[in-house]
Amino acid sequence: MKVQHAQNVKSGILCMILAMFIFAIVNAAVKGLASTYGVWQITFCRFFFVLFPVLYLLKKEGGKKALKPVKLHLLAATGIIGAFAVYILFKAFQIGRLADVTALAYSSILFVTALSVPFLGEAVGWRRWAAVAVGFSGVLLMANPDIDFQTGSLLAICFAFMDAVIMILLRLSTRYNAIGTTVFYMALFATLTSFPFMLMEFSMPASWTDFALLAFLGLGGGVGQIFLTRAYSIAPAVAVAPMIYTSMIWGALFGIFFFEESLTLSLVSGAVIVILCSIYIIYRENTERNIPPRDLLID
């Protein structure tokens, strides 16, 4: 049994690392495409094409039965807010540095902890509040407001807050619906929300390569979601959740090699603080409630 458990943990960690690698590629593709296509068009493609791999999750969770949602208004709110949140994130990628935006976006777990008290009525002990306070100091260090507070950084922080609201809604939704059902209806409502905005700035893909990249935003995101779901299903959250932050490493590397970005001391120092505080929050939450915080949007 111990051998089997160890194998499951290793497999779960590997699935999470693969998911983060795929998501990092998606983010890099977004930044590349945003110089040619409108951000709303990119947002629409991100959600529309994700519907196809998510059908695989639905099939595993009961097929047609999984298409019958409970608390549809929660799923609708998640999708509508998700569309605007992803638009803000992609706008941040368009005008900001890939590494900076990626790192700041993953500060959402800090906002989740703060918002879980008024919205979910959860008890947060002083240790987690201390981790949140220290974590936000890392966010400020990454954003570097006293020296050069860029618009991209501000948008990334706005996204992190909105993503935290979405995670709160997801926690409520997954009390009544399977993960596949939740992700499907979130993507569906986000697609419908972004569609009219997409029409106002639509531009025909200039080549089959561009079309493939636009489709990859959703298809790749869906495959990444499957790996992420698999990771949480076979291994403890406390083991696999810290692997989420490998996405920061990929973001930094892609920024250096593809967009000629450079790392700054404030970014690296702030990211380390946020990562350590987030891992501690995840550990405390898993210990106290045994409910893993699942970020279904940026993960």
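Criteria and thresholds
Residues numbered from 1 in each chain as written. Predicted model: local features only at pLDDT ≥ 70, side-chain atom pairs only at ≥ 80, totals over all residues. Heavy atoms only, no water. Phe/Tyr/Trp six-rings, centres within 6.5 Å; stacked < 30°, edge-to-face > 60°. Buried < 20%, exposed > 50% of the residue type's maximum accessible area, 1.4 Å probe, protein only. Helix = DSSP H or I, 4+ residues; strand = E, 2+ residues; numbered from the N terminus. Lys NZ or Arg CZ within 6 Å of the ring centre and 35° of its normal. Axes fitted to C-alpha atoms, helices over the stretch in contact; angles between N-to-C directions. Parallel < 35°, antiparallel > 145°, perpendicular 65-115°, else oblique. Left-handed = near helix turned anticlockwise from the far one by under 90°. Contact = heavy atoms within 4.5 Å. Salt bridge = Lys/Arg side-chain N within 4 Å of Asp/Glu carboxyl O. Polar contact = N/O pair within 3.5 Å; in protein donor to acceptor, adjacent residues only side chain to side chain.

**What about the packing of aromatic side chains?**
The tally for this structure, following the rule as stated, stands at 17 aromatic pairs. Considering the side-chain rings of Phe184 and Tyr185, the 5.2 Å spacing of their centres and the 90 degrees angle between planes classify their relative orientation as edge-to-face. Pair check on accessibility: Phe184 and Tyr185 agree, each one buried. Between Phe254 and Phe258, the ring centres sit 5.8 Å apart and the planes meet at 55 degrees, which makes this aromatic pair tilted. With Phe254 and Phe258 both in helix H13 (residues 246-259), this residue pair falls four residues apart, about one helical turn. Phe258 gets classed as exposed once you look at its relative accessible area, which sits at 58%. These aromatic residues form a ring-pair network of at least three members: Phe44, Phe48, Phe49, Phe52, Phe195, Trp208 and Phe211. The ring of Phe259 has Lys31 sitting right over it, with the charged end atom 5.6 Å from the ring centre.

**Points about the packing of helix H5 (residues 98-105) against helix H9 (residues 151-173)**
With their axes 8 Å apart at the nearest point, H5 and H9 run at an angle of 25 degrees to one another. One finds that H5 runs roughly parallel with respect to H9. Where H5 crosses over H9, the two elements pack in a sense that is right-handed. Contacts from Val101, Leu104 and Ala105 in H5 reach Gly152, Ser153, Ala156, Ile157, Phe159 and Ala160 in H9.

**Notes on the pattern of salt bridges**
With the rule as written, the count across this model stands at one salt bridge. Asp100 is paired through a salt bridge with Arg97; the nearest N and O atoms lie 2.9 Å apart. Using a relative accessible area of 15% as the deciding quantity, one classes Asp100 as buried.

**Quick look at the side chain of Thr102**
Residue placement: Thr102 occurs in helix H5. In this structure the side chain of Thr102 is engaged in a polar contact, spanning 2.8 Å, whose partner is the backbone oxygen of Leu98. Leave out the neighbours within four places in its chain, and Thr102 touches Phe93, Ser247, Met248 and Gly251.

Nothing here speaks to function; it is geometry throughout.
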